[in-house]
Every structure is written in C-alpha cells, then in structure tokens.
Amino acid sequence: MSMIGEYLRVTPAELDRAIQDPDWALDFVEEVQDAEEESEPAPADARHFSTYKAWDMLRFLLVRAEFPVNVIHGEEPFADDEDWGYGPPRYLRPERAHLAARALRTTTYDQLIAGVDTADLTRAEVYPLGWDEPGALEWGRYWYDGLTEFFEAAAAADDALLVWLD
C-alpha cells in the first residue's frame, strides 16, 4: 500500500462544518474525489489534489528551505480520533493558504533541489526510497508545480485546505 499526499479545497463555511462534523468531511472528500476522478481537472481547476508518493520528498525539500507553512501535513488538527489513511487530517486556514501560495510561487523547484544530492534523501529515509535512480530529483518537479498551481487557485478563491495522508 502506498502513502499518498492528499488535499481538498474547502470554503471557510465548509471548513467550519468539517471541524464540527469530521464524518461529513470524509464523505465530502469522497464525493469530490469521485466527481473529479473521471474529468481529471488541472490543479488550478480542481478541488482535490494529490502529490502522490512525492509528498515526503517535497516535505524534505521544503523543510530544508525553511518554508513558512507546513503544506505537506497541514498545520491545525481536527478529527483527532479519525484515521483518514495514515492518521487524522489537518487543515490550513485561508490566510495560511495565501502565505503558502505566495511562498510556493516565489520558490522554484530548482531552488529547492540546489545542493541536494540523492544520497541526502536516502540518508533521511525519505519515502518512497529508491533515490539512486537517475533523475530521481527531477521526479518531484511535476508534483511541486501542480501543488503550486493548486495553492494559487485556493488562495485566489480564499479557500482553506484539508490535508491528509492516504
């Protein structure tokens, strides 16, 4: 089984409802995922986004860059007694999504990987391992670019984000 980084854009009212009723939130997540599964919207048009297995690589790179927002795990817990795959979900309020979008936009992927060697990822046991493959550092670029587009769209809509590992 794989560990996948997952995100859902929600309005502030939907965030409030999710915090109050985590069961509703999980049902809502599944509804949106099902609705977007066939249409596969671009990250800027989607309500749901996944960083696939690249979440831990991106976490490693963003922590190394002292990124100001925890976009990989979220920042505020809710549904502490729930397990959405690999633990409870977390969220980012709209103002944190705005800050993250600005920081993602101004931090290029080339800046993130500058000075990083794949051995660094191996030593840090970054999931999913296997960093000795040629071009391994380039693998995360696609997911980072999509994450940037997704966060920019969330910020433009003044949305919050639910964040979890599935």
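Going by the structure above, here's the rest.
Keep in mind that this is a model prediction, so the values were computed, not measured. (Residues numbered from 1 in each chain as written. Predicted model: local features only at pLDDT ≥ 70, side-chain atom pairs only at ≥ 80, totals over all residues. Heavy atoms only, no water.)

### So, the sheet that holds strand β4 (residues 90-92)
For clarity, the cut-off: When DSSP finds at least two bridges between two strands, those strands are taken to pair. Strands are runs of DSSP state E lasting at least 2 residues, helices are runs of H or I lasting at least 4, and numbering of each runs from the N terminus. Residues count as neighbours in contact if any of their non-hydrogen atoms are within 4.5 Å of one another. Interaxial angles span 0 to 180 degrees and are taken between N-to-C directions of axes, which are lines fitted to C-alpha atoms, for helices over the stretch in contact.
Taken together, 5 strands build an open sheet; the order of strands is β2-β1-β5-β4-β3 and the sheet is antiparallel. The outermost strands of the open sheet, each flanked by one partner alone, are β2 (48-52) and β3 (76-77). One ladder, built from 4 bridges, connects strand β1 (residues 5-10) with β2; its direction is antiparallel. In the sheet register, leucine 8 faces β2, and the bridge partner there is histidine 48. On top of the sheet, helix α2 (residues 22-39) reaches β1, β2 and β5 (160-165); it is set at about 100° to β1, its chief contact.

### A look at the layout of surface pockets
What counts, and what does not: Whether a set of points on the 1 Å grid over the protein atoms alone is a cavity depends on a 1.4 Å probe fitting there but being unable to get out, while an open set qualifies as a pocket with protein on both sides within 12 Å along at least five of seven lines; lining residues are those with an atom within 4 Å of a point. Grid points are joined across faces, edges and corners, and a volume is the space filled by probe spheres set on the points. Charged residues are taken to be Asp, Glu, Lys and Arg, nonpolar residues to be Ala, Val, Leu, Ile, Met, Phe, Trp, Tyr, Cys and Pro, and polar residues to be all remaining types, Gly included.
Its volume calculated, the largest pocket comes out at about 430 Å³. Put simply, the parts of the chain that give the lining of the largest pocket at least two residues each are α2, β2 and α7 (139-156). Per-element tally for the lining of the largest pocket: the top contributor is α7, with 5 residues. Its residues assigned to classes, the lining of the largest pocket shows 7 nonpolar, 4 polar and 6 charged.

### Comments concerning helix α4 (residues 94-106)
In plain terms, the rule: A helix's residues, less one, multiplied by 1.5 Å, set its expected span. The classification of residues rests on relative accessible area computed with a 1.4 Å probe and restricted to protein chains. Under 20% of the type maximum is buried, over 50% is exposed, and intermediate values are partly exposed.
With 13 residues, α4 extends 18 Å from end C-alpha to end C-alpha; this agrees with the ideal 18 Å at 1.5 Å per step. Residues Pro94, Ala97, Ala100, Ala101, Ala103 and Leu104 constitute the buried set of α4. Buried residues along α4 sit against α1 (12-20), β4, α7 and β5.

### Overview of the nonpolar core
Rules: Take the buried residues of types Ala, Val, Leu, Ile, Met, Phe, Trp, Tyr and Cys, join any two whose side-chain atoms come within 4.5 Å, and each joined set is a nonpolar core.
Core analysis: the biggest nonpolar cluster contains 39 residues, and Tyr7, Met57, Leu61, Val71, Tyr109, Phe151 and Leu161 have the highest contact counts within it. In terms of residues, this core owes the most to one element, α7, which gives 7 residues. Residues within four places of leucine 61 in sequence aside, it is in contact with Tyr109, Leu112, Ile113 and Val116.

### Description of the pattern of salt bridges
The following threshold applies: Salt bridge, as used here, is a side-chain nitrogen of Lys or Arg placed within 4 Å of a carboxyl oxygen of Asp or Glu.
This model, assessed by the stated rule, comprises 9 salt bridges. Arginine 9 is the salt-bridge partner of aspartate 159, the closest N and O atoms lying 2.9 Å from each other. Taken together, the residues span a long stretch of sequence, with aspartate 159 in the loop between α7 and β5 and arginine 9 in strand β1 at a distance of 150 residues. By relative accessible area, aspartate 159 is classed as buried at 7%. Among the salt bridges present, the one from arginine 141 reaches aspartate 110, with a minimum N-O distance of 2.6 Å. Remark: aspartate 110 occurs in helix α5 (residues 109-113) and arginine 141 occurs in helix α7; sequence separation between them is 31 residues. In the salt-bridge network here, residues are joined through shared partners; they are Asp110, Glu138 and Arg141.

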